[in-house]
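Results of the structural survey
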Amino acid sequence: MEQTLTYQSIDDTVLDTLVSPRRSYWVTVVILFCGVLMGAACWMVQILVGIGVGGQNNPVHWGTYLINFVFWVGIAHSGTLISAILHLFRAGWRNPIARAAETMTVFAVCTAGLYPFIHLGRVWMVYYMLPVPNQRTLWPNFQSPLMFDVVAISTYLTVSSLFWYTGMLPDLAIIRDNATGVRRKIFSVLSLGWTGEFEIWRHYTRGYLFFAALATPLVISVHSVVSWDFALSVVPGWHTTIFAPYFVAGAIHSGLAMVVTLMIPLRVIFRYENIITDRVLESVAKTIIFTGLIVGFAYGTEIFIAWYSHNPIEMESFRWRAFGDYSLEYWIMVSCNVLIPLLLFFKKIRTNIRVLFIISLLVNVGMWYERFVIIIGSVAHDFLPHAWGLYSPSWVEFGIMIGSFCLFFFLFVLFVKHMPSVSMTEMKETLHEGDSHAG
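Worth saying up front: this structure is predicted, and the values here are computed from it rather than measured.

**Brief notes about the overall build of the protein chain**
Tallying secondary structure elements over the protein chain gives 15 helices and zero strands in all. For the C-alpha atoms alone, the extent of the protein chain along its principal axes is close to 75 × 60 × 40 Å. Buried positions account for 54% of the 439 residues belonging to the protein chain. Considering only residue pairs separated by 6 or more positions, the protein chain has 81% of its internal contacts joining residues 24 or more positions apart.

Listed below in structure tokens is the structure:
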């Protein structure tokens, strides 16, 4: 039975999550950190031995590094969708999950940003990719979509981080006022002298709205730019105008699934049942149905365009995806991204927390395989039959991939225990005028 929320009960519920953690929490942190170290060790092996220790080769020169790069950029998108776009539309159900979604965005972009460095091989040469004077008078090619990526993702990280931190300021002040000793001093610095005066609130609400409006077009632009890495080439299966909206819809689809994957354990562990209610999770589930239908429409459109063009190379490329060497990966993609989310049409399923959690995991798996099928499926089966080849990741690539997932969850686990994982300020906005104003 859901209890009626008050200002005080919201504060108490969130502040209770910041008490000294149990031993099981630190065991989880240590396990995740060991995973991060394992990924770093695999990267060090690649630096010392050479990028040849990966599974990339001709013709498949883009492997899991680019798959995971696109995957993590996609995961980052729903944070901005939930935080910014739904904030502009005043969708009240996004308030309980907005903070965790914003946090997910920042950490996912940071994780994605590592992969271009990893894929570079000789990472110290990154200096020559920057638009700064150097002794070789080398300058980046600003017409390359790879340079678009650098600009778009760094902009997205900057705006998302500012949006995330700005939204936390009132909550950091609440923690400061309820803390003592060193903890109080730390949060006094983090809250930037917040006093809660009318003028400060006025600037805060305007600034938050400004960042929401600024972040909204970035949702479309960033993953559109990522799609141009592929669409501006002439490789069969890539050279199509549908890639920008297709990638944006897929990014939101995978990001919403990751939100559910993170929110359900958070709800159970921190006893957020009165804040992250069944109605909130059901609203996310309905949005997953919508994005899943868009992704399914994009899959069908790709196949139709290949057939309608009567281009034998395009037709063969899509036939091979569905029935060739990577057909298992293709049908995992279709099943997990399009067919399984249709189960959420049934109210009994989308209101069953365990089943919803399993479906969200399967969507995450499916979206990873979507990037695998797009990237590997095209370059492995190019124009010339004598140049066709297959790809399988090496143990180094698997180690780095596991390390990146551990890094993301390591940062998220640290955050939710030491910072407010639910926005107390935005939760209070959902209450009626007559609710208690205690505290």
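Having put the structure on the table, let's press on.
**Examining the packing of helix α9 (residues 278–309) against helix α11 (residues 327–339)**
Here α9 crosses α11 at 145 degrees, and the two axes come no closer than 8 Å. On α11, the residues touching Gly292, Val295, Gly296, Tyr299 and Ile303 of α9 are Tyr330, Met333, Val334, Asn337 and Val338. Across the contact of α9 with α11, the residue classes tally to seven nonpolar, three polar and no charged.

**Observations concerning the environment of Met419**
With respect to the element layout, Met419 can be found in the loop between α14 (395–418) and α15 (424–429). Judged by relative accessible area, which is 16%, Met419 ranks as buried. Sequence-wise, Met419 and Leu172 are 247 residues apart; in three dimensions their C-alpha atoms are separated by 7.9 Å. Setting aside chain neighbours within four positions, we find Met419 in contact with Leu18, Met168, Leu172, Phe187 and Leu190.

**Considering the confidence of the model for the protein chain**
The predicted model of the protein chain has a mean per-residue pLDDT of 86, with 97% of residues at 70 or higher. Here residues 433–439 is a poorly scored stretch, pLDDT under 50, and it has seven contacts once near neighbours within four places are set aside; other chains count.

**Thoughts on the nonpolar core**
Of all hydrophobic cores here, the largest spans 129 residues; its most connected members are Phe69, Ile97, Phe243, Met263 and Ile376. Excluding anything up to four places from it in sequence, Ile376 contacts Val60, Trp62, Gly63, Ile67, Tyr326 and Tyr391. In this structure, Val29, Val36, Cys406 and Val413 belong to the second largest nonpolar core, which totals eight residues.

**Quick notes on a nonpolar patch on the surface**
On the surface, Leu293, Leu339, Leu342, Leu343, Phe345 and Phe346 cluster together into a nonpolar patch covering about 570 Å² of accessible area. Take Leu293: it is sitting in helix α9.

Reading the values: rules and limits
- Residues numbered from 1 in each chain as written.
- Predicted model: local features only at pLDDT ≥ 70, side-chain atom pairs only at ≥ 80, totals over all residues.
- Heavy atoms only, no water.
- Helix = DSSP H or I, 4+ residues; strand = E, 2+ residues; numbered from the N terminus.
- Buried < 20%, exposed > 50% of the residue type's maximum accessible area, 1.4 Å probe, protein only.
- Contact = heavy atoms within 4.5 Å.
- Axes fitted to C-alpha atoms, helices over the stretch in contact; angles between N-to-C directions.
- Nonpolar A, V, L, I, M, F, W, Y, C, P; charged D, E, K, R; others polar.
- pLDDT = per-residue confidence, 0-100.
- Core = buried A, V, L, I, M, F, W, Y, C linked by side-chain atoms within 4.5 Å.
- Patch = residues over 30% accessible without salt bridge, like charges linked within 9 Å, V, L, I, M, F, W, Y side chains within 5 Å.
- Areas by Shrake-Rupley, 256 points an atom, 1.4 Å probe, with all protein chains shown as cover.
- Salt bridge = Lys/Arg side-chain N within 4 Å of Asp/Glu carboxyl O.

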